[in-house]
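# Close look at the chain arrangement
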Amino acid sequence: MTETPIQVTAHDEHTVILRQCKSVHYEAPFLYLLFGEERALLLDTGATEDPALFPLRATVDGLIDAWLETHPRADYGLVVAHTHGHCDHVAADEQFRDRPGTVVVGRELDAVTEFFGFGADWPEGSVTFDLGGRVLTVLGSPGHHRASITIFDPWTGFLLTGDTVLPGRLYVDDTDAFLATMQRLVEFAAREPVTSVRGCHVEMSRRPGKDYPLGAVSQPDERPLPMAPDRLVAVRDAMLAIGPRRGVFRYDDFIVYNRPPTRDMLRLLVRARVHKLISR
């Protein structure tokens, strides 16, 4: 049976979770489509540019058309933004460039802060972004990427953390910035009604501490994507324990790659290569 290139799951009538299938790209990122009264937000555009392989624009257009049949209104807009600017989160941006009524937010830090209106308080402050009756909170979250953001959606209680917190490998580019981000997220979740933490990838199996190889196109025993809010504390405490040490630090449901030395990345790539060879 042919696998669909995009898995579409309606969390509720105003919230859709999409996942790029591993048969299209091994990264298999999760994307989020949130509907408000005036506009929708598409958070991330996946890892593949070619619409013939990854028809994200057509899929999103169909979802919006279906939503508008039930909630008719004129001049409904779409904002395409990103949890951060790495290539597996922005690849299909070009599919939306010529879409009417659509804003595609740039991936660089200046574009992100200008669009959301952070000003001089980036990344310590937070701002709101109103979809029309659905007001999101946007938090600066550098550490994995200098322009990373986290979005809290009070409608669902989702804290959308991109690649900062997820059941998988947490790649830390800037240790101090990442730790500061985690402290802010812990404090935010302590005062706001966060129901689940949802990143953009699943790389861990249900076996504690066991991740799938980089490049795996099948993960039959993967962990569920949602993480409990207390896992923010676990990641923060892990970073406090790791401190300035570089390397790979393994925990039950995540693995920290803290500014990994070349040897650690080579091990990751060699494991990926071996897995690819034995999987043929």
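Bear in mind that the values here come from a model prediction, so they are computed numbers and not experimental data. (Residues numbered from 1 in each chain as written. Predicted model: local features only at pLDDT ≥ 70, side-chain atom pairs only at ≥ 80, totals over all residues. Heavy atoms only, no water.)

On to the pattern of salt bridges, then. Evaluated as defined, the whole model comprises 15 salt bridges. The residue Arg134 makes a salt bridge to Asp153 at a minimum N-O spacing of 2.6 Å. Of this pair, Arg134 sits in the loop between β7 (126-130) and β8 (135-140) while Asp153 is found in strand β9 (residues 149-153), placing the two residues 19 residues apart along the sequence. Both residues of the pair, Arg134 and Asp153, count as buried. Among the charged side chains, a salt-bridge network with shared partners connects Arg169, Glu203, Asp211, Arg250 and Arg271. (Salt bridge = Lys/Arg side-chain N within 4 Å of Asp/Glu carboxyl O. Helix = DSSP H or I, 4+ residues; strand = E, 2+ residues; numbered from the N terminus. Buried < 20%, exposed > 50% of the residue type's maximum accessible area, 1.4 Å probe, protein only.)

Our focus in this paragraph is the layout of surface pockets. Taken as a whole, the largest pocket holds about 350 Å³ of empty space. What lines the largest pocket is a set of 20 residues, and nearest its centre among them are Glu27, His86, His144, Tyr171 and Met265. Elements supplying a minimum of two residues to the lining of the largest pocket: α2 (87-90), β11 (169-172) and α6 (262-279). Per element, the largest residue contribution to the lining of the largest pocket is four residues, and it comes from β11. (1 Å grid on protein atoms, 1.4 Å probe; cavity = no way out; pocket = protein on both sides within 12 Å on 5 of 7 lines; lining within 4 Å. Points joined across faces, edges and corners; volume = space filled by probe spheres on them.)

Quick look at the confidence of the model for the chain now. In the predicted model, the chain carries a mean pLDDT of 97, and the fraction of residues at 70 or more is 99%. By mean pLDDT, the top-scoring element of the chain is strand β4 (residues 39-43) (99), and the lowest-scoring one is α6 (95). (pLDDT = per-residue confidence, 0-100.)

Let us now look at empty space enclosed by the protein. The full count for this structure, using the stated rule, is one cavity of 30 Å³ or more. Reported here for the largest cavity is a volume of approximately 80 Å³. The residue inventory of the lining of the largest cavity, partitioned by class, reads six nonpolar, three polar and four charged. (Nonpolar A, V, L, I, M, F, W, Y, C, P; charged D, E, K, R; others polar.)

Counted according to the given criterion, the structure contains nine aromatic pairs. Plain terms: the ring middles of Phe115 and Phe129 are 5.6 Å apart, the flat faces sit at 55° to each other, and that makes the pair tilted. Of this pair, Phe115 sits in helix α3 (residues 109-116) while Phe129 sits in strand β7, and the two are 14 residues apart along the sequence. Here the aromatic rings of Tyr171 and Tyr257 are separated by 5.2 Å at their centres, their planes lie at 50°, and the arrangement is tilted. (Phe/Tyr/Trp six-rings, centres within 6.5 Å; stacked < 30°, edge-to-face > 60°.)

For helix α1 (residues 56-70), which comprises 15 residues, the first-to-last C-alpha distance of 22 Å matches the rise-based estimate of 21 Å (1.5 Å per residue) to within 8%. Within α1, burial applies to Leu56, Thr59, Val60, Asp61, Ile64 and Trp67. Along its buried surface, α1 packs onto β1 (6-12), β2 (15-20), β3 (30-35), β4 and β5 (77-81). (Expected span 1.5 Å × (residues − 1). Contact = heavy atoms within 4.5 Å.)

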